[in-house]
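# Tertiary structure, described
So you can see what is in the structure, the chains are spelled out below.
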Amino acid sequence: MKRFLVVLMVAALFWACHSKINGPIRTIENGVEVVDSGTGVFPSADGPHSLTLKEEFRIDLENEALAAAGLSDIVGLDADSKGRLYLFRSMRTEGPLIYQFDEQGRFLKSFGRMGQGPGEAQYPGFLRISPADEIRVHSQAPNRVLNFDGDGRLLREDKITYDLLNRPYQFVPLANGNYVARHYKMPEDGQPIRETGLGLYGADFKPVKEIRKFEIPASIKPGQQILAIVPIVGASPSSFYVNWGAEGRDIAFFDLDGKMRRIVRAAFPSQAVPADYKKSLLDRIPQNPGTQEFRRFIEGMSTFPPYQSILADEKGHLFAASFEKDPTSGANLCDVFSPEGVRILRAGLGYQDLIRYMGEAIPFDVVLKNGRCYCVREKPDGFKEVVVSSMIWR
C-alpha cells in the first residue's frame, strides 16, 4: 500500500510538471475560466512561433512641410480599413485637428477645427476610428462626439449627457457601437476624488453596466503599485480587455456586451526603475501641494508595473506591452497571447514611454491594424515620428 501511494505521488508530480511544461493551467474562478501561463511560453503546433516587424515608412514630424501645415506634435493616431493613417494634433500647437495620410505615408489633407460651433471641438479628444471608418472626436464643451468620414466631411454630432458627479471620459469605441470609458465619482462634499471606474456605455453614451471600480487611496504606502488602480483597456473586433486583480497583473476578457469570458494570468518579468528614469519623470511633475503624494509615489517606486498597456490586433491576439526593452531595436517587449488567452511568444513591438504616456495622457500611441503596427516614437531631439511596419508572423 505504501509503495502504491509513493508511485501515485510520483505520477501526480510528473503530471503536474508535464502539464506546466506543455500548456497553461486552466481553472474556474467564480464561474469564469482562468488561463494561467505562469512563466511559460506555449506556442501551438500550427500557430505562430515568432513575430517580427518590417519597417515600411516613417512620418517625421520634424519635416518642414508638415510643420508648415500645422503638424509638429501629435497625441493620438489610428488607421482606417483602407490603410489610411490619421494623426491627431496636440492642443499645444496651432492648426487643424486631424491630418490624413495615404497607405504609403503621403500627406493628403487635414480637417477639423477648434471652437464651439457646429462641427467644431472644444477641449477635444481623439477617439479611435470606428469599424465603419468614422473618425470620431470628443468635444468636452459642449459635450458631444463629432463623426467625420474619410474625406473630412462632418456626418453627425452625437450629444453626450451625463451626471455631473459621475462623468465619463476617454471613450474606446467597440465594434458593436458600444463604448468603454473611464469615469470618476465627484464627492459632493468637495473632498478629493477617491473613486474612479470603468464602464460600458451604449451608442447613445448612456451607461449600460459597471465593469470595474478603482479606489484611490488617501495616502500611498511605500512600495505600493498605484498604477494598478489605473484602468488599462484594449479592444479587438470581438472583445475588450481590462487589467484585473488587486495588483493589476491579470487581464480580463469581455465580450462587446460587457460579459466577462476569461481571465488571463501570467508571471511578467520584473523591471527595476532606473534612477535617471525616475528623475526624468519627476522633472515633468510640478511641485505643488496637489502633486506631493504622487511625487512621493514616484520617488519610492522600485519596480515598474507588470505591463503598461494592452493592445489587440484584428485576429484577437493580445499584447501586454512591458517596460522591458529589446536591446537590438529599443522597442518594448510584449507578451503575446492567443485569442484563447495562452502566452505564445514574446516580441519587440512599439516604442512606448512611461514619461510620455503618463505625463501627457496619451491613450493610443500604438495601433495594430491591417497587418501593420503603427507606433509613435520620440526621437533624441524631442520630435516625434510615426513608424509604420508590417507584422510578420512565422
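Residues numbered from 1 in each chain as written. Predicted model: local features only at pLDDT ≥ 70, side-chain atom pairs only at ≥ 80, totals over all residues. Heavy atoms only, no water.

Okay, the overall build of the protein next. In terms of helices and strands, the protein carries 5 helices and 28 strands. Buried positions account for 49% of the 394 residues belonging to the protein. Here the contacts in the protein between residues at least 6 apart in sequence split such that 45% fall between residues at least 24 apart. Of the accessible surface of the protein, which amounts to about 19300 Å², a share of 54% is contributed by carbon and sulfur atoms. (Helix = DSSP H or I, 4+ residues; strand = E, 2+ residues; numbered from the N terminus. Buried < 20%, exposed > 50% of the residue type's maximum accessible area, 1.4 Å probe, protein only. Contact = heavy atoms within 4.5 Å. Areas by Shrake-Rupley, 256 points an atom, 1.4 Å probe, with all protein chains shown as cover.)

Moving on: the environment of V172. The topology assignment puts V172 in strand β14 (residues 166-173). Linking V172 and A235, residues 63 residues apart in sequence, is a C-alpha distance of 7.8 Å.

A separate point is the packing of aromatic side chains. Tallying each qualifying case throughout the model produces 15 aromatic pairs. Ring centres of F111 and F148 lie 5.5 Å apart, and the angle between their planes is 55°; this geometry places the pair in the tilted category. Note that F111 is positioned in strand β7 (residues 107-111) and F148 in strand β12 (residues 143-148), a separation of 37 residues in sequence. Like F111, the residue F148 is buried in the burial classification. Here the aromatic cluster, defined as three or more aromatic residues joined through ring pairs, consists of F171, Y179, Y201 and F205. (Phe/Tyr/Trp six-rings, centres within 6.5 Å; stacked < 30°, edge-to-face > 60°.)

What follows is about the pattern of salt bridges. What the rule picks out here adds up to 27 salt bridges. Here R106 ties to D102 by a salt bridge, and the two come within 2.7 Å at their closest N and O atoms. Relative accessible area serves as the criterion here: at 48%, R106 is assigned to the partly exposed category. Judged by its relative accessible area of 8%, D102 is buried. Between K279 and D283 there is a salt bridge whose closest N-O contact spans 3.1 Å. Of this pair, K279 and D283 both sit in helix α3 (residues 275-283), 4 residues apart, roughly one helical turn. A relative accessible area of 51% means that K279 is categorised as exposed. Since its relative accessible area comes to 55%, D283 is described here as exposed. By sharing partners, the salt bridges in this structure join E55, R58, R377 and E385 into a single network. (Salt bridge = Lys/Arg side-chain N within 4 Å of Asp/Glu carboxyl O.)

Any functional reading would require information beyond the geometric quantities listed.
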